Amino acid sequence: MSEVAKYTSEQIQQHSTREDIWIVVHGKVYDVAAFLDEHPGGEEVILEHAGIDATEAFEDIGHSEDAHDLLKLKQSR
Ligand code: HEM
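Rules and cut-offs
- Residues numbered from 1 in each chain as written.
- Predicted model: local features only at pLDDT ≥ 70, side-chain atom pairs only at ≥ 80, totals over all residues.
- Heavy atoms only, no water.
- UniProt positions renumbered as here; feature names shortened; annotations may be inferred.
- Donors = N, O, S within 2.8 Å, 3.2 Å for Na, K, Ca; no water.
- Tetrahedral: all angles 85-135°; square planar, octahedral: opposite > 155°, others 65-115°.
- Helix = DSSP H or I, 4+ residues; strand = E, 2+ residues; numbered from the N terminus.
- Buried < 20%, exposed > 50% of the residue type's maximum accessible area, 1.4 Å probe, protein only.
- Near = heavy atom within 4 Å.
- Polar contact = N/O pair within 3.5 Å; in protein donor to acceptor, adjacent residues only side chain to side chain.
- Contact = heavy atoms within 4.5 Å.

- An unreviewed UniProt entry annotates the chain as Cytochrome b5 heme-binding domain-containing protein of Coemansia thaxteri.
- For the chain, the Sequence similarities (unreviewed entry) comment in UniProt is given as "Belongs to the cytochrome b5 family."
- Listed in UniProt under the heading Subcellular location (unreviewed entry), the comment for the chain reads: "Membrane".

Structure, rendered in structure tokens:
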């Protein structure tokens with residue numbers, strides 16, 4: 001069973017405010033509330049993907065290997 005199957009998309013969508021924000025990247029759910037301020041690409045793009053699957057956006061902007069490593073280090077839910 002993939003990680004994301006632990007949650008329904010409805011449950012993930014509940015977490016879509018700046019104080020309580022989850023995003024899905026590559027089948028994993030990340031709680032990114034604390035990361036909003038730290039994201040080098042700004043908070044706006046993260047907020048736009050609040051509570052949804054951001055995999056395509058994450059890959060489309062061409063994040064560096066460092067960014068991919070950072071994502072892997074992040075604890076998923
Ligand atoms: C938890 C997920 C994410 C992590 C860990 C992350 C990490 C990073 C890092 C480390 C950078 C600095 C540049 C680089 O190393 O590539 C960056 C830049 C950026 N990110 Fe993210 N990011 C995440 C999610 C997203 C999402 C969902 C978007 C939506 C489009 C996004 C859009 C951008 C943009 C536009 C930049 C600026 C690129 C530039 O200045 O060239 N990121 N991100």
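**Quick notes on the coordination of the iron atom of the ligand**
Geometry reference: four tetrahedral donors at a metal, ideal angle 109.5 degrees. Six octahedral donors, ideal angles 90 or 180 degrees.
Then step 1. Protein coordination at the iron atom of the ligand comes from His 39 (NE2) and His 63 (NE2), with a distance range of 1.9 to 2.0 Å.
Then step 2. Classification of the site at the iron atom of the ligand as octahedral follows from its six donor atoms and the range of 86 to 179 degrees in their angles at the metal. With a gap of 24 residues between them, His 39 in the loop between β3 (28-31) and α2 (43-48) and His 63 in the loop between α3 (55-60) and α4 (65-73) connect regions that are remote in the sequence.
Then step 3. For His 39, a relative accessible area of 13% translates into the label buried.
Then step 4. Its relative accessible area of 22% is what places His 63 among the partly exposed residues.

**Digging into the site of the ligand**
Then step 1. Around the ligand sit 17 residues, and of these His 39, Pro 40, Gly 41, His 63 and Ser 64 come closest.
Then step 2. Residue His 39 places a side-chain N or O atom 2.8 Å away from a nitrogen atom belonging to the ligand.
Then step 3. In this structure, a nitrogen atom belonging to the ligand sits 2.7 Å away from a side-chain N or O atom of His 63.
Then step 4. Elements with a minimum of two residues in the shell around the ligand: α2, α3 and α4.
Then step 5. By residue number, the principal contributor to the shell around the ligand is α4, which donates three residues.

**Here we look at the environment of Ser 16**
Then step 1. Tracing the chain through its elements places Ser 16 in strand β1 (residues 16-17).
Then step 2. The spacing of Ser 16 and Val 32 is 16 residues in sequence and 10 Å in space, taken between C-alpha atoms.
Then step 3. With sequence-adjacent residues up to four places away left out, Ser 16 is seen in contact with Ala 50 and Gly 51.
Then step 4. At 3.1 Å, the side chain of Ser 16 and the backbone oxygen of Gln 13 are in polar contact.

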